Amino acid sequence: MSTAKSDAGTKTEVRLVIDGKGCTAYEGETVLDAARRAGIEIPALCHMEDTAPWGACRLCLVEVEGVAKLQAACTTWVKEDLTVKTDSPRIRAKRASYLRMYLSDHNAYCEAPCSHACPTHIDIPGFLAALAAGDLAKATDIVQTELPFPGILGRVCP
């Protein structure tokens, strides 16, 4: 194990492999944290930075070498020489299954692109105007005013 210390000076640096790419992380971090820092995208609905890992949505499932069951990346702690795959037919099939389950209970009465009536009460005309003006910060603020988890909207709405 590496003896390098983190910026905080208290956690040990570890090496792991994600999708064939060598990465470094620190004890106490999750695979999701390490992957995102390395520029590797893993979908997640329930993960919020600076909150305790929950693992409820199961969309961040990954394959961990030596472990038979798929693991939630947001609750899998990094360790030295861990090898992880974030995309495979098995992972995609399981993620699709969970997403179908979530969408099966979705109120499908919204009119795409929801410019007439948004079921979550977001100011869609204001949002679209901000996007058209190139003001991404304002567009984000409009969505976050009504919807605390805007990442969910993009995965559920048509």
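Preceding this section is the structure that the text describes.
Residues numbered from 1 in each chain as written. Predicted model: local features only at pLDDT ≥ 70, side-chain atom pairs only at ≥ 80, totals over all residues. Heavy atoms only, no water.

## Notes on the overall build of the protein
The condition is simple: Note on conventions: DSSP H or I runs of at least 4 residues are helices, E runs of at least 2 residues are strands, and numbering of each starts at the N terminus. Partly exposed describes any residue whose relative accessible area lies between the buried limit of under 20% and the exposed limit of over 50%, with all areas from a 1.4 Å probe on protein chains only and scaled to the type maximum. It only takes one pair of heavy atoms within 4.5 Å for two residues to be counted as in contact. Per-residue accessibility takes into account occlusion by the displayed protein chains alone, with areas from the Shrake-Rupley method and a 1.4 Å probe.
The helix and strand tally for the protein stands at 5 helices and 5 strands. Helices and strands in the protein line up, N terminus first, as β-β-α-β-β-β-α-α-α-α. Taken across its 158 residues, the protein has 34% of its residues classed as buried. Relative to all contacts within the protein whose residues are 6 or more apart in sequence, the contacts with residues 24 or more apart total 42%. Just so you have it, the protein exposes about 9700 Å², and 55% of that area is on carbon and sulfur atoms.

## As for the environment of glutamate 29
Using the following cut-off: As used in this structure description, the phrase polar contact means that two N or O atoms lie within 3.5 Å; if the pair is within protein, one of them must be able to donate a hydrogen and the other to accept it, and residues adjacent in sequence are counted only when both atoms belong to side chains.
In this fold, glutamate 29 is placed in the loop between strand E2 (21–26) and helix H1 (31–37). For glutamate 29, a relative accessible area of 15% puts it in the buried group. Taking the C-alpha atoms as reference points, glutamate 29 and tryptophan 77, separated by 48 residues in sequence, lie 5.8 Å from one another. Each residue touching glutamate 29, except ones within four places of it in the same chain, is listed here: Arg37, Thr76, Trp77 and Val78. A polar contact is formed between the side chain of glutamate 29 and the backbone nitrogen of tyrosine 26, at a distance of 2.7 Å.

## A closer look at a nonpolar patch on the surface
Counted only if it meets this: Patch rule: a residue counts if its relative accessible area is over 30% and it has no salt bridge; like charges are joined within 9 Å, and nonpolar side chains (Val, Leu, Ile, Met, Phe, Trp, Tyr) within 5 Å. Criterion for a salt bridge: a side-chain nitrogen of Lys or Arg within 4 Å of a carboxyl oxygen of Asp or Glu.
The grouping of Leu128, Leu131 and Leu136 at the surface amounts to a nonpolar patch, some 260 Å² of accessible area in total. Structurally, leucine 128 is set in helix H3 (residues 124–132).

## As for the packing of H3 against helix H4 (residues 136–146)
Quick note on the threshold: Think of each axis as a best-fit line through the C-alpha atoms, taken over the contacting stretch in the case of a helix, with angles from 0 to 180 degrees between the N-to-C directions. Roughly parallel means an angle under 35 degrees; roughly antiparallel means over 145; roughly perpendicular covers 65 to 115; every other angle is labelled oblique. Should the near helix be turned anticlockwise from the far one by less than a right angle, the crossing is left-handed, and should it be turned clockwise, the crossing is right-handed.
At a minimum axis separation of 7 Å, H3 and H4 run at an interaxial angle of 165 degrees. The orientation of H3 with respect to H4, classified from their angle, is roughly antiparallel. In the packing of H3 onto H4, the handedness of the crossing is left-handed. Two secondary-structure elements touch here, H3 through Gly126, Phe127, Ala130 and Leu131 and H4 through Leu136, Lys138, Ala139, Ile142 and Val143.

## Re the pairing of strand E5 (residues 82–85)
For clarity, the threshold we go by: DSSP-based pairing: two strands are paired if at least 2 bridges between them are found.
Burial along E5 is one-sided: the residues Leu82 and Val84 are buried and none of Thr83 and Lys85 is. Sheet topology note: the strand E1 (residues 13–18)/E5 ladder contains 3 bridges and is parallel. Counted as the bridge partner of isoleucine 18 is valine 84 from E5.

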